[in-house]
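Per-entry structural report
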There are 2 protein chains.
Amino acid sequence: MDQRRAAEFLAFLPELAALAAAVVLPRFRAPLPVTDKGGLRFDPVTEADREAERVIREAILARYPDHGVLGEEFGNQAGTSACRWVIDPIDGTRAFISGVPTWGTLVALCEDDRPVLGMMSQPFVQEIFLGGPAGAWLLRGGEQQPLRVRQGVALAQASVFATTPEMFSPEELAAFNQVSAAARLTRFGIDCYAYCLLAAGHIDLVVEAGLGYYDIAPLIPIIEGAGGIVSDWQGAPVRSGGRVIAAASASLHTEALALLANVD
Amino acid sequence: MDQRRAAEFLAFLPELAALAAAVVLPRFRAPLPVTDKGGLRFDPVTEADREAERVIREAILARYPDHGVLGEEFGNQAGTSACRWVIDPIDGTRAFISGVPTWGTLVALCEDDRPVLGMMSQPFVQEIFLGGPAGAWLLRGGEQQPLRVRQGVALAQASVFATTPEMFSPEELAAFNQVSAAARLTRFGIDCYAYCLLAAGHIDLVVEAGLGYYDIAPLIPIIEGAGGIVSDWQGAPVRSGGRVIAAASASLHTEALALLANVD
């Protein structure tokens, strides 16, 4: 992708974030209607998910009618161009329904099925993380700050994150626990936000499993644009979600893979 | 405590939050200096902790020289009044050093050693949670919004939070896992922020262990002011930290205690 096109798409991503935020934020922390039977209906997040994807898809196709669009809610709409947008309107729906502001609206632009540009938008905290071949940036309060991973941290000193231990199979969990035991600090709970904190140089490893392609594709250009590495647990490029490791440096990636690569 | 005094102290708490934020925020997400040996020095959070407590203590004693002050960093300074302030300048230091904006500056005002008023301030997200005998409120964007727990949710439908499974002893973890297995959703990772989300009606249970008194005293008036319940795992009032359960309703508290109360 030439630089002029990449710059155009990169400028378009925050416009998509603003459109999504306008329909999602009014539903964040909205009271959940409790049913007669002591249960909860999940309408607010379901509605927010669908509305956000709808406005993003409409904006993309209005501007680039020949592009493809793949979204978590409404599936794939093929285009005639090599460009396809991948959308997870709300990554972290459990955080969302719990009121925790670490969910994000994720959008990637893929060329020939490789994510080239990516965005994570967390509109309650008012942060937009962007990445592409020219770098990665945090947009907040009218400022654009370049992101750079933290280098030179060995596994024994590293901070490792995953969304929840429940995302792992027993065998996966055993491998994750080995990484955790070798690291200095392990924390759970923040979904896509963890990958962005890795890109920003605050944490060193994210190790997850069971991801959808939507969950990770938009984050890859942010991590790589900041100098980090993303792969599956065998070290191969992530092509379809599943098991993912993001590392701040090649040496840390190698150290962690040694503990993960044997999982069948 | 009479209403006029309580209102005066309640208005003072956000002033303390602002003083703390001014010394803490410049150190949040500051690059950590990496040592020669691949380690990290923790100066930013240590400095932020000490500076925040220092400015809070100074402001309190300048205004109420006869009050006592108990802080995590500088210990106890006895007063001659029945009023004592309890300060945790940064609750959630691991979140802080990881760049996750779910840490908080906690301040309680205790009368005869019972927390009467409490505050949690998260200045990056720009939220202040306040509570006392007259209620609980979220201050954000110039607005003050009353907080109310979610009622009528049974354990089978509840969302339960804890900071990390590592905070539990094996026996405590077994009991926590029983609560978790009975609940609809379990999440880890957000420290004091979870208690505030419970007060705000977004989650239903927080079950933790190994807390310091600073960690929980400032949150009790927020939870109780919003209609929730806080106790130890035997159902007794929390007097010194340790094992804590916060529940959105009496029935949920009873359901969860039945699974926790047998831990020695």
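Numbers given for residues are sequential positions, taken from 1 along each chain in its written order. Written order determines the labels here, with chains lettered from A and ligands numbered from 1. With pLDDT at 70 or above as the cut-off, local features in this predicted model cover only qualifying residues; side-chain atom pairs require 80 or more to be listed or tallied, and sums for whole chains, interfaces and linings still use all residues. Values shown for side chains rest on all heavy atoms present in the structure; no hydrogens or waters enter the calculation.

As for the overall build of chain A
- Scanning chain A for helices and strands turns up eight helices and 13 strands.
- Based on C-alpha atoms, the radius of gyration is set beside the globule rule, defined as 2.2 Å times the residue count to the power 0.38. Against the compact-globule benchmark of 18 Å for 264 residues, chain A has a radius of gyration of 18 Å, which places it among compact chains.
- With respect to the three principal axes, the spread of C-alpha positions in chain A is 55 × 45 × 35 Å.
- Between buried and exposed lies partly exposed: a residue is buried under 20% and exposed over 50% of the maximum accessible area for its type, with that area taken using a 1.4 Å probe on protein chains only. Taking all 264 residues of chain A together, 61% fall into the buried category.
- Surface accessibility of chain A: about 9800 Å² in total, with carbon and sulfur atoms responsible for 50%.
- Placing the 20 positive and 31 negative side-chain charges of chain A at their respective mean positions leaves the two points 3 Å apart. Elements are defined by DSSP. Helices are runs of H or I of four residues or more, strands are runs of E of two residues or more, and each kind is numbered from the N terminus. All accessibility values rest on the Shrake-Rupley procedure with a 1.4 Å probe; residue burial counts only the protein chains present in the view. Neither His nor the chain ends contribute to the count of charged residues, in which Lys and Arg are positive and Asp and Glu negative. Charge positions are represented by NZ for Lys, CZ for Arg, CG for Asp and CD for Glu.

Things to note about the sheet that holds strand S10 (residues 185–188) of chain B
Residues and elements named next belong to chain B.
- One open sheet accounts for five strands, arranged S10-S9-S11-S13-S12; its pairing is mixed. In the strand order of this sheet, the two ends are held by S10 and strand S12 (229–231), each with one partner. If you compare each strand with its neighbour and ignore which way they point, the axes differ by 15° on average.
- Here, any two strands with at least 2 DSSP bridges between them count as paired. Both strand S9 (residues 159–162) and S10 contribute to a ladder of four bridges, which runs parallel. Bridge pairing in S10 links Ser 159 to Leu 185.
- Along the sheet face, helix H8 (residues 250–260) touches strand S11 (205–211), S12 and strand S13 (242–247) and points at about 145° away from the line of S13. The convention used is that axes are lines fitted to C-alpha atoms, helices contributing only their stretch in contact, and that angles between N-to-C directions extend from 0 to 180 degrees. Residues count as neighbours in contact if any of their non-hydrogen atoms are within 4.5 Å of one another.

What to know about the relation of the copies chain B and chain A
- The fit set for superposing copies consists of C-alpha atoms from residues with pLDDT of at least 70 in both; the fit itself is least squares. Between the two copies, chain B and chain A, the superposition gives an RMSD of 0.0 Å; the rotation angle is 180° and the shift along the axis is 0.0 Å. As the rotation angle and translation indicate, the two copies are arranged about a two-fold axis.
- Here 100% of the contact residues of chain B are again contact residues in chain A; the copies associate through an equivalent surface.

A look at the sheet that holds strand S7 (residues 135–140) of chain A
Residues and elements named next belong to chain A.
- Taken together, eight strands build an open sheet; the order of strands is S2-S1-S3-S4-S5-S6-S7-S8 and the sheet is mixed. Two strands bound the open sheet, and with one partner strand each, they are strand S2 (75–77) and strand S8 (143–146). Along the sheet, successive strands turn relative to each other by an average axial angle of 15°, direction set aside.
- Two elements, strand S5 (residues 114–122) and strand S6 (residues 127–132), share five bridges in a ladder whose sense is antiparallel. Each residue of the ladder has a partner; that of Ser 121, found in S6, is Ile 128.
- Against the sheet, helix H5 (residues 192–199) contacts strand S3 (83–91), strand S4 (104–111), S5 and S6, and its axis sits at roughly 105° relative to S5.

Some remarks on the interface of chain B and chain A
- Counting residues at the interface gives 43 residues for chain B and 43 residues for chain A.
- Together chain B and chain A conceal approximately 3400 Å² of surface at their shared face, both sides included; 57% is due to carbon and sulfur atoms.
- Sorting the residues of chain B by area buried against chain A places Arg 29, Arg 187 and His 202 of chain B first, and these three jointly supply 18% of that buried surface.
- Any Lys or Arg side-chain nitrogen located within 4 Å of an Asp or Glu carboxyl oxygen qualifies as a salt bridge. Inspection of the chain B/chain A interface yields four salt bridges.
- One salt bridge in this structure joins Glu 127 of chain B and Arg 29 of chain A, with 2.6 Å as the shortest N-O distance.
- N or O atoms within 3.5 Å of each other form a polar contact, as long as, within protein, one can give a hydrogen and the other can take it, and as long as residues adjacent in sequence are counted only when both atoms are side-chain atoms. Remark: the boundary between chain B and chain A carries eight residue pairs in polar contact (both at pLDDT 80 or more). Note on terms: buried area is the combined drop in 1.4 Å-probe accessible area of two parts once they are placed together, counting the loss on both.

Description of the nonpolar core
- For our purposes a nonpolar core is just a set of buried Ala, Val, Leu, Ile, Met, Phe, Trp, Tyr and Cys residues, chained together by side-chain atoms within 4.5 Å. Counting residues in hydrophobic clusters, the biggest one holds 190 residues, and the most contacted among them are Trp 85 and Leu 219 of chain A together with Trp 85 and Leu 219 of chain B.
- Other than its neighbours up to four places away in sequence, Leu 219 of chain A contacts Leu 106, Met 120, Cys 192, Tyr 195 and Cys 196 of chain A.

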